[in-house]
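One letter stands for each residue in the lines below.
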Amino acid sequence: MINVFQPSLGKEEARAVEKVLESNWLGKGKITDQFEESFAKHLGVKKSQVCSDNCCTEGLFLSMELFDIGAGDEVILPTCSFVGAANAIQKCGAEIAFCDVDKRTQNATAGDIEKKITAKTKAVLLMHYGGVPCEMDEIMQMADAYHIKVIEDAACGVASKYKGKALGTIGDMGMWSFDAMKILVCGDGSMIYVKDEEMLQRASKLLYFGLESKSGYSNSVDQKWWEFEISCLGRRSIMNDITAAMALEQLKKLPGFIARRKEIAEMYTLGLQDVEWLDVPESVPADCESSYYFYHIQLKNGKRDELARYLRDRDIYTTFRYFPLHRVKYYGCQEKFKNADWAADNTLCLPIHQALKDEEIAYVIEMIMNFEKA
Ligand SMILES: *Cc1c(COP(=O)(O)O)cnc(C)c1O
């Protein structure tokens, strides 16, 4: 079976984890700190603007708390988003204002978002589909004009850039996921970025009991080191040195992963661009960089489900991301969204991961070309 997503872990990660085990310190410590520093460097931001946590969903929930969003507020969410994003908004008591997306990219445009702005709008929670950047200049300009916060779910964009800036660092807050299905993986783990450094401080306390941290030195000279103080009612949502050790090795390999994914995307486009019953993704704008997290084709013959089954019968696993949230009954949305609805019924994400071999890609292309003949 050709997997649609797959991580690449090797002896480097195994050795790094082994070293942590040998150190007898498995918790959040020096290695996690090193990972935060390296990831901040990778993003091109200050270390004092990032903090690791246990998963990206935690970052989504945390964003509502940090920007003081709750009952009486509205948050605009592209209907093509991750389920945890909608849960975060509704859980805090705010209303989700779903917006449509571009039919082809499945990213929300500034125009899609602006249509949903009311006096109650506090923020927009953006997602960059497949790691292809949303039109951030237009979105930031509009958000400034209406004084709303911009939160970027950059889970798909671990190495993406918009006009030289890392995705997730353009708005007020961003978050990345390192869960088992992502590009940079460590089992479970995540990073948050908060533009305002004081707010980041607060975030890191909310992620660790609200404890007022003391420096190692003052702690060790303290007479009663078991005493403590808190500044808020925090929980415990952290990475640890085992996951961070893996993540550090993965970060070193990330440029190679992205280069290979780009190659695969180009092979698919070259092989499929002349098939008249489907559309391939547009190329990434020249001033942007993608992470090539998804490669999604769109069918013009209305046979998406048949194609998915046909490929599965030939050992090729495909999927669709993301099932539009306005169709999830629980959220109680009564609206329809023309573009998202069309995309949800006609889009298929093909296998893309850095371990795919050229023969496998050629096989996927060949099987798709044969589909209408079958
Ligand atoms: C995976 C994913 C998340 C959640 O990440 P976790 O670390 O698993 O909580 C959020 N948003 C998007 C777009 C994702 O793909």
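Residue indices follow the written sequence of each chain, beginning from 1 at its first position. Confidence filtering applies because this is a predicted model: local features only for residues at pLDDT of at least 70, side-chain atom pairs given and counted only at 80 or more, and all residues used for totals across whole chains, interfaces and linings. Hydrogen atoms and water are omitted, and side-chain values are computed over all heavy atoms in the structure.

Chemist: Before we move on, can you summarise the overall build of the protein with the specific residues and values?
Modeler: Along the protein, the regular secondary structure elements total 12 helices and 13 strands. By the compact-globule yardstick of 21 Å for 374 residues, the protein fits well, its C-alpha radius of gyration being 22 Å. Counting over 374 residues, the protein shows a buried share of 52%. Any two residues having at least one pair of non-hydrogen atoms within 4.5 Å are treated as being in contact. In the protein, the share of contacts with a sequence separation of at least 24, taken over all contacts with a separation of at least 6, comes to 72%. Throughout, the Shrake-Rupley method with a 1.4 Å probe supplies accessible areas, and for residues the shown protein chains are the sole cover considered. Surface summary for the protein: the accessible area is close to 17500 Å², and the carbon and sulfur share equals 51%. Asp and Glu count as negative and Lys and Arg as positive, but His and the ends of the chain are not part of the count. Every charge is mapped onto a representative atom, which is NZ of Lys, CZ of Arg, CG of Asp or CD of Glu. Of the charged side chains in the protein, 45 are positive and 56 negative, and the gap between their average positions amounts to 2 Å. Runs of E in the DSSP output that reach at least two residues are strands. Runs of H or I that reach at least four are helices, and both are numbered from the N terminus. We compute the radius of gyration from the C-alpha atoms alone; for a globule the expected value is 2.2 Å times N to the 0.38, where N is the number of residues. Burial classes: relative accessible area under 20% of the type maximum marks a residue as buried, over 50% as exposed, and values in between as partly exposed (1.4 Å probe, protein chains only).

Chemist: How would you summarise the site of the ligand if you had to cite specific residues and measurements?
Modeler: Around the ligand sit Cys55, Cys56, Thr57, Phe82, Met127, Asp153, Ala155, Cys156, Ser177, Asp179, Lys182 and Tyr322, and those are all the residues in its vicinity. Pairing of N or O atoms within 3.5 Å defines a polar contact, subject to two protein rules: one partner must be a possible hydrogen donor and the other a possible acceptor, and residues neighboring in sequence count only if both atoms are side-chain atoms. Take Cys56: an N or O atom from its main chain is 2.9 Å from an oxygen atom of the ligand. One of the side-chain N or O atoms of Tyr322 is found 2.6 Å from an oxygen atom in the ligand. In the complex, the protein chains occlude 93% of the 380 Å² of accessible area that the ligand would expose alone. Put simply, a residue is near a molecule or strand once any heavy atom of it comes within 4 Å of that molecule or strand.

Chemist: Describe in detail the side chain of Asp153, supporting the description with residues and values.
Modeler: Tracing the backbone through its elements, the reader meets Asp153 in strand β5 (residues 149-153). Of note is the side chain of Asp153, whose polar atom sits 3.0 Å from the backbone nitrogen of Ala155. Among all residues touching Asp153, those that are not within four sequence positions of it are Cys56, Leu60, Phe82, Leu125, Leu126, Met127, His128 and Met175.

Chemist: Quick one: what's the story with the sheet that holds strand β9 (residues 190-194), residue by residue and with numbers?
Modeler: The strand order β1-β9-β8-β5-β4-β2-β3 describes an open sheet built from 7 strands, whose pairing is mixed. What marks the edges here is a single partner per strand, and that holds for β1 (50-53) and β3 (95-99). Between one strand axis and the next, the sheet turns through 20° on average, direction left out of account. Angles run from 0 to 180 degrees between N-to-C directions of axes, and those axes are lines fitted to C-alpha atoms, restricted for helices to the stretch in contact. The sheet contacts of helix α2 (residues 30-43) involve β1, β8 (173-177) and β9, and relative to β1 the element is tilted by about 130°. Of the strands in this sheet, β1 and β9 are in contact with helix α7 (residues 197-206), which crosses β9 at around 145°. Each pair of strands is called paired provided DSSP finds at least two bridges between the two strands.

Chemist: Summarise the nonpolar core; cite the residues concerned and give the values.
Modeler: We call a set of buried residues a nonpolar core when its members are Ala, Val, Leu, Ile, Met, Phe, Trp, Tyr or Cys and they connect through side-chain atoms within 4.5 Å of each other. Within the largest apolar cluster, 121 residues are counted, with the highest numbers of intra-cluster contacts made by Phe35, Phe39, Phe178, Ile192, Tyr268, Leu272 and Ile297. Take this core: its biggest share by element is 12 residues, from helix α9 (residues 241-272). Those residues in contact with Phe39 that sit more than four places away from it in its chain are Val158, Trp176, Phe178, Leu184, Met191 and Leu251.

Chemist: Could you give an account of the sheet that holds strand β10 (residues 278-279), naming the residues involved and the relevant values?
Modeler: With antiparallel pairing, the 3 strands of this open sheet are ordered in space as β10-β12-β13. Lying at the two open borders of the sheet, with one neighbouring strand each, are β10 and β13 (347-350). Pairing of β10 with strand β12 (residues 295-299) involves 2 bridges; the strand directions are antiparallel. Note that in β12 the partner of Asp279 across the bridge is Gln298. Along the sheet, α9 contacts β10, β12 and β13; its crossing angle with β12, the most-contacted strand, is approximately 20°.

Chemist: Talk me through the packing of α9 against helix α12 (residues 358-371); I want residue IDs and the actual numbers.
Modeler: For any two helices packed against each other, the geometry is given by the interaxial angle and the distance between the axes. At a minimum axis distance of 10 Å, the contact between α9 and α12 shows a crossing angle of 30°. One way to sum up the angle between α9 and α12 is to call them roughly parallel. Of the two elements, α9 crosses α12, and the hand of that crossing is right-handed. Contacts between α9 and α12 involve Arg260, Ile264, Met267, Tyr268, Gly271 and Leu272 on the former and, on the latter, Asp358, Ile361, Val364, Ile365, Ile368 and Met369. Put simply, Ala, Val, Leu, Ile, Met, Phe, Trp, Tyr, Cys and Pro go in the nonpolar bin, Asp, Glu, Lys and Arg in the charged bin, and everything else, Gly too, in the polar bin. Looking at the contact of α9 with α12 residue by residue, the class counts come to 9 nonpolar, 1 polar and 2 charged. Oblique is the label for every angle not falling under 35 degrees (roughly parallel), over 145 degrees (roughly antiparallel), or within 65 to 115 degrees (roughly perpendicular). Left-handed is the label given to a crossing in which the near helix is rotated counterclockwise from the far helix by less than a right angle, and right-handed is the label when the rotation is clockwise.

Chemist: An account of the packing of helix α10 (residues 304-313) against α12 is requested, with residue identities and associated values reported.
Modeler: Where α10 meets α12, the axes come as close as 11 Å, and the angle between the chain directions of the two elements is 130°. As the angle between them shows, α10 and α12 are arranged oblique. The handedness of the crossing between α10 and α12 is right-handed. Two secondary-structure elements touch here, α10 through Glu306, Leu307, Tyr310 and Leu311 and α12 through Met367, Ile368, Asn370 and Phe371. When the residues that make up the contact of α10 with α12 are grouped by side-chain class, the tally is 6 nonpolar, 1 polar and 1 charged.

Chemist: Please set out the side chain of Thr79 residue by residue, giving values where relevant.
Modeler: Topologically, Thr79 is positioned in the loop between β2 (74-78) and α4 (83-91). Beyond its immediate chain neighbours, meaning those up to four positions away, Thr79 contacts Phe98, Cys99, Phe323, Pro324, Leu325, His326, Phe337 and Ala340.

Chemist: Give me unusual backbone geometry: which residues, what numbers.
Modeler: Cis rather than trans, the peptide bond between Arg321 and Tyr322 has omega equal to -15°. Assignment of secondary structure puts Tyr322 in the loop between α10 and α11 (338-346). A positive phi angle, near 50°, is found at Tyr292, a position not held by glycine. If you trace the backbone, Tyr292 turns up in the loop between β11 (288-289) and β12. The backbone of Asp315 shows a phi angle near 65°, a positive value even though the residue is not glycine. With respect to the helices and strands, Asp315 occurs in the loop between α10 and α11.

On their own, these measurements won't tell you what the molecule is for.
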